[in-house]
Amino acid sequence: MSRVASIRKQLFLLWVGVCTALTASAQVSLIHGVVKDKQSDEPIPFASAVFKQSGRGALTDSAGHFILYAGSWTAHDTLQILTVGYKPVLIPISFFKDSATFVVKMELLPPSTGVTVKAKYNRALWFWRRIIKNKPQHDRTYWDNYSYEIYNKLEVDLENINTNKLGQNKLLKPLNFVFNYIDSTSEEKPFLPAYLTETLSDYYHEKNPSRSREIIKASRTNGIDNESLIKQLGGMYQNVNIYSNFIPVFDKQYVSPFNDRADNYYNFKLLDTQYLNKKRLVHLRFTPKHKGEDVFEGDCWVHDTTYAIQKITLRPAIDANINFVTGLSLIQEFKQVKDSIWFLYKDKFVVDISPLGQSKLSLKGRKTATYKNVVLNDSSVIKKLDEAKTAEQVDIIPNTKDLPDSFWVKNRHEELSKSEKTVYILLDTLEKNTTYIHYRNAIQFLTTGVKDLGNFRIGPWYYWMSGNPWEGQRLRFDLSTNKDFDKHWYMHGYMAYGTLDNAFKGKAEVRYEFQRDPWGYINLSYKNDLDNGQMYHDQLGTDNVFATIFRRPNIPFKYQKSEEKKLEFYQETNKGLGFGLTVSSKQYQALINLPGAELFPVSNGGDPFNSFETAFRVRFAYLERNIYENFDRTSLGSDWPIVELKFAHGWPGVLKSSYEYNKVDASVSDYLKIPPYGSIYYNLFAGKIFGTLPYQLLEIHPGNELYYYNRYAFNLMNRYEYISDRYAGFNIEHNIGNGLFRFIPLTRKWKFRQFWSARGVIGDLSDANKQMNFVGNYPFHSLNGNWYTEVGTGVDNIFKFFRVDFVWRLSPQPMPNEAVNKFGVFASFRVAF
């Protein structure tokens with residue numbers, strides 16, 4: 001064979017080989033997958049993706065990604081996704097067509113009932129103890145000071161939307177365009193992105209003295225103009241420290257798996273080890289040791305050299321006592337900022353809330369916080385903190401709300417997902433839709449009771465109609481201004497009319513709020529109406545449509561009328577100290593079952609039951625958090641006791657007043673969380689009145705004549721039953737949580753909660769005040785230096801909304817021929833997680 005022929009033959013064989021190789025390679029498919037948790041949508045690292053028959057596979061990376069090649073050897077194979085704690089996922093190879101990219105959502109396995117290894121043989125327990133030993137240096141509270149930039153994102157989605165049923169609803173047909181925004185691209189149930197907020201801020205903290213400051217540099221809140229609410233959306237009040245002994249979940253405190261005594265609450269198990277960025281990580285799993293406790297289940301990856309947490313996932317135990325939540329995940333990731341220092345990098349909180357049931361319309365909330373530019377133990381932190389006026393201060397840089405998209409594209413820490421981008425488009429469309437605005441305002445009116453009409457506000461609607469024996473049917477209408485009328489001036493008034501007494505009553509007030517943070521105002525008011533006694537904002541008063549329904553029988557009605565003119569000044573400081581000065585003139589008139597003015601003659605030229613009083617009060621609420629709405633303020637509480645002191649003096653001869661007296665009273669109250677034993681509310685109070693006065697100016701101990709439970713009153717004491725001119729008392733309520741109910745399978749399933757309460761007051765009345773007031777048809781008594789006490793317990797969280805109290809009156813013993821209820825059953829309604 002010639003040399004040329006030989007070369008041709010070799011080229012032909014090479015061409016055949018190349019064609020064969022290309023043909024074979026054409027039969028190979030590239031499979032790119034992402035493995036995620038079904039509830040939290042969080043990537044699952046180091047999960048195995050393996051072909052069941054051939055055994056070929058790969059592990060997911062730290063972002064949950066994997067890549068596999070499928071060829072003729074996998075033609076009839078099945079891809080199997082496996083990771084500890086999750087149900088295996090099997091995917092036939094026929095599912096893939098050519099190259100494929102797909103997402104695998106993995107569901108959690110039910111709690112294991114396997115055998116628990118004794119602690120002294122448990123290697124995982126030894127590893128956990130090493131984490132506890134080293135946690136002080138990994139806890140961010142280890143540093144004298146630190147700062148970082150934080151990006152907060154909060155998204156709310158609607159799930160389980162029945163588009164067919166809602167689309168046929170005549171009332172919702174004008175909003176059918178919303179269904180075009182439903183995300184149904186995945187195999188999971190479709191959802192409607194409903195709301196999204198973003199904030200970008202700088203956060204500074206010092207350990208000793210303890211002080212924090214946040215400067216919100218930008219916020220995108222989609223219609224939320226309430227500055228006090230925007231401050232809650234930053235990083236100041238949403239920090240979760242997984243190294244703490246207890247971790248907050250809504251209003252509860254869960255035992256952390258890294259609590260110093262967590263081995264009493266958790267079982268630990270070592271799973272495997274992996275390498276990430278040349279660092280060896282140990283996989284540790286933790287599960288509840290006992291049923292019904294407020295603990296987590298989950299897992300974490302731990303650096304084997306420093307024993308620092310690299311990533312952790314927490315989920316409430318399946319039988320934890322929490323309402324409306326069908327799924328919840330708390331994920332934190334840490335990164336090294338120096339050789340042996342790990343600092344929080346990402347914080348994610350995902351919750352599914354289903355108030356109507358798991359298959360009904362539900363909410364999914366996603367809160368993500370990312371941290372950058374971490375600075376440790378630096379003078380720049382101290383400099384920023386020195387500029388603050390309070391120990392915890394949140395500042396909002398002016399004109400930084402709703403900045404253009406270009407700002408957020410440049411400055412947000414991570415790009416928005418497809419569904420998150422959809423939120424802004426949808427909300428912008430809805431805000432221009434008159435039907436949506438009408439429905440939104442109607443829902444707000446029903447839930448809050450008030451409605452804004454331009455610069456004015458009407459309501460609350462639940463005051464519009466009520467009834468009592470003196471007035472018959474009572475009709476009332478309220479009208480006030482809102483913030484659109486003026487930022488500082490506030491006017492409010494109401495008019496009421498009784499169909500039986502044929503009399504008009506009402507109130508008018510005007511307030512000038514010269515400062516909001518710290519709060520300061522001056523208020524002038526006039527009121528002429530029935531005196532409903534001391535009522536609290538979260539309790540059921542007598543001037544209410546529901547009061548008629550819940551009133552207990554066979555208790556005489558007691559009514560008086562009051563006409564009051566009052567001028568009040570109040571100012572707080574940046575340190576939580578508030579000062580108030582009040583000047584008031586008050587004239588009482590007894591109406592039903594109370595001694596009248598004819599039994600209280602005066603000889604100084606004034607009118608009976610007429611007083612003129614000046615009062616000075618001091619209130620100290622250190623680092624109290626408040627939400628402002630219109631010109632009202634709602635306290636979110638303080639981590640410290642709230643102390644109030646008041647001194648008042650009565651001046652005779654002013655505006656026909658008749659009495660000279662001095663009053664001093666004080667109170668201390670606090671709401672303490674004492675995990676794992678629930679929470680305690682307490683109020684300690686005392687006072688003394690110097691002078692001989694009619695009953696209206698003495699201390700009338702608060703009673704309750706309704707079946708609706710009142711946490712601030714004595715529930716088995718009637719109104720006007722006891723009066724005192726010197727007194728001291730207490731009010732304690734301990735909400736335990738599931739308590740003993742967790743040991744009974746049925747009550748554990750129903751999520752009943754246990755509590756107890758105790759209230760008492762010791763009081764006395766001078767002989768002069770007894771002589772003045774025990775006249776005519778008087779209904780009241782003196783405690784004569786004895787205690788009035790009542791205790792209670794009951795069942796909370798019945799059907800997730802209701803509470804039943806069983807209350808016993810222990811003392812004093814009833815007077816001869818006096819009928820006293822020594823036991824009572826009360827109900828109340830509340831919404832709580």
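What counts and what doesn't
Residues numbered from 1 in each chain as written. Predicted model: local features only at pLDDT ≥ 70, side-chain atom pairs only at ≥ 80, totals over all residues. Heavy atoms only, no water. 1 Å grid on protein atoms, 1.4 Å probe; cavity = no way out; pocket = protein on both sides within 12 Å on 5 of 7 lines; lining within 4 Å. Points joined across faces, edges and corners; volume = space filled by probe spheres on them. Helix = DSSP H or I, 4+ residues; strand = E, 2+ residues; numbered from the N terminus. Pairing = 2+ DSSP bridges. Core = buried A, V, L, I, M, F, W, Y, C linked by side-chain atoms within 4.5 Å. Buried < 20%, exposed > 50% of the residue type's maximum accessible area, 1.4 Å probe, protein only. Contact = heavy atoms within 4.5 Å. Polar contact = N/O pair within 3.5 Å; in protein donor to acceptor, adjacent residues only side chain to side chain. Phe/Tyr/Trp six-rings, centres within 6.5 Å; stacked < 30°, edge-to-face > 60°. Lys NZ or Arg CZ within 6 Å of the ring centre and 35° of its normal. Axes fitted to C-alpha atoms, helices over the stretch in contact; angles between N-to-C directions. Expected span 1.5 Å × (residues − 1). Salt bridge = Lys/Arg side-chain N within 4 Å of Asp/Glu carboxyl O.

**Student:** What exactly am I supposed to notice about empty space enclosed by the protein here?
**Tutor:** It is the rolling of a water-molecule-sized probe over the atoms that shows where space remains empty. One pass over the full model with this rule turns up three cavities of 30 Å³ or more. Empty space within the largest cavity amounts to approximately 180 Å³. Broken down by secondary-structure element, the contributors of at least two residues to the lining of the largest cavity are β15 (296-303) and β16 (309-316). Among the elements that make up the lining of the largest cavity, the one with the highest residue count is β16 (four residues).

**Student:** Whenever I open this one, the pairing of strand β31 (residues 625-629) confuses me. Can you help?
**Tutor:** Pairing of β31 with strand β32 (residues 632-637), which is carried by five bridges, proceeds in the antiparallel orientation. The partner of asparagine 626 across the bridge, within β32, is serine 635. In sequence, β31 turns back onto β32 through a hairpin of two residues, with asparagine 630 there showing a positive phi of about 55°.

**Student:** Can you help me understand the nonpolar core in this one?
**Tutor:** In globular proteins that are soluble, nonpolar side chains generally tend to be buried together. Core analysis: the biggest nonpolar cluster contains 53 residues, and Ile242, Phe258, Tyr266, Phe268 and Ile309 have the highest contact counts within it. With seven residues, the top contributor of residues to this core is strand β18 (residues 341-353). Residues contacting phenylalanine 268, with those up to four places away along its chain left out, are Asn122, Ala124, Leu125, Trp128, Pro257, Ala262, Asp263, Leu284, Arg285 and Phe286. Listed in part, the 18 residues of the second largest apolar core include Ile44, Tyr86, Ile91 and Val104.

**Student:** Explain the side chain of aspartate 796 to me, please; I cannot follow it from the model alone.
**Tutor:** One can find aspartate 796 in strand β40 (residues 787-798). A relative accessible area of 8% places aspartate 796 in the buried class. Reaching out from aspartate 796, the side chain makes a polar contact with the side chain of arginine 830 at a distance of 3.0 Å. Discounting chain neighbours no more than four positions away, the residues touching aspartate 796 are Asn735, Lys751, Phe752, Arg753, Phe755, Phe802, Arg803 and Arg830.

**Student:** I keep staring at the packing of aromatic side chains and nothing clicks. Help me out?
**Tutor:** The geometry of an aromatic ring pair is captured by the separation of the ring centres together with the interplanar angle, meaning the angle of the planes. Taken as a whole and assessed by the stated rule, the structure comprises 54 aromatic pairs. Ring geometry for phenylalanine 407 and tryptophan 408: centres 5.5 Å apart, planes at 90°, overall edge-to-face. Ring centres 5.7 Å apart and planes at 75° place the aromatic pair tryptophan 461 and tyrosine 462 in the edge-to-face group. Looking at tryptophan 461, the relative accessible area reads 27%, which means it is partly exposed. Between the NZ or CZ atom of lysine 335 and the centre of the ring of tyrosine 345, over which it lies, the distance is 4.0 Å. The ring of phenylalanine 631 is capped by lysine 483, whose NZ or CZ atom sits 4.1 Å from the centre of that ring.

**Student:** Hey, could you run me through the sheet that holds strand β5 (residues 78-82) in this one?
**Tutor:** Two pairing modes exist for strands in a sheet, parallel and antiparallel, and in both the strands are linked by backbone hydrogen bonds. With antiparallel pairing, four strands are arranged side by side in an open sheet as β3-β2-β5-β6. Looking along the sheet, the strands with just one partner apiece sit at the ends: β3 (57-59) and β6 (89-92). Within this sheet the neighbouring strands show an average axis-to-axis angle of 15°, counted without direction. Sheet topology note: the strand β2 (residues 48-51)/β5 ladder contains four bridges and is antiparallel. Each residue of the ladder has a partner; that of alanine 49, found in β5, is isoleucine 81.

**Student:** What am I meant to see in the pairing of strand β30 (residues 610-620) here?
**Tutor:** In the case of a regular strand, side chains alternate between the two sheet surfaces. Of the pairings in the sheet, the one linking strand β29 (residues 577-592) to β30 comprises eleven bridges and is antiparallel in character. Paired with valine 583 across the two strands is threonine 614, which belongs to β30. With eight bridges connecting them, β30 and strand β33 (residues 642-650) associate as antiparallel partners. Each bridged residue has a counterpart across the sheet, and for arginine 619 the counterpart in β33 is glutamate 644.

**Student:** Just to check I follow, could you spell out helix α7 (residues 418-430) for this structure?
**Tutor:** Helical geometry: 3.6 residues make up each α-helical turn, so side chains three or four residues apart lie on a common side. With 13 residues, α7 extends 19 Å from end C-alpha to end C-alpha; this agrees with the ideal 18 Å at 1.5 Å per step. Among all positions in α7, only Ser419, Glu420, Thr422, Val423, Tyr424, Leu426, Leu427 and Leu430 are buried. Buried residues along α7 sit in contact with β8 (145-159), β9 (191-206), β10 (211-220) and α8 (434-448).

**Student:** Honestly, the pattern of salt bridges in this entry has me stumped. Any pointers?
**Tutor:** Two side chains carrying opposite charge are able to pair once their charged atoms lie near each other. Per the counting criterion, the structure on display carries 53 salt bridges. Its salt-bridge partner being lysine 311, residue glutamate 42 comes within 3.4 Å of it at the nearest N-O pair. With glutamate 42 in the loop between β1 (29-37) and β2 and lysine 311 in strand β16, this residue pair connects regions lying 269 residues apart in the sequence. Of the residues examined, lysine 311 reaches a relative accessible area of 6% and is grouped as buried. In the salt-bridge network here, residues are joined through shared partners; they are Glu471, Arg474, Asp501, Lys505 and Asp529.

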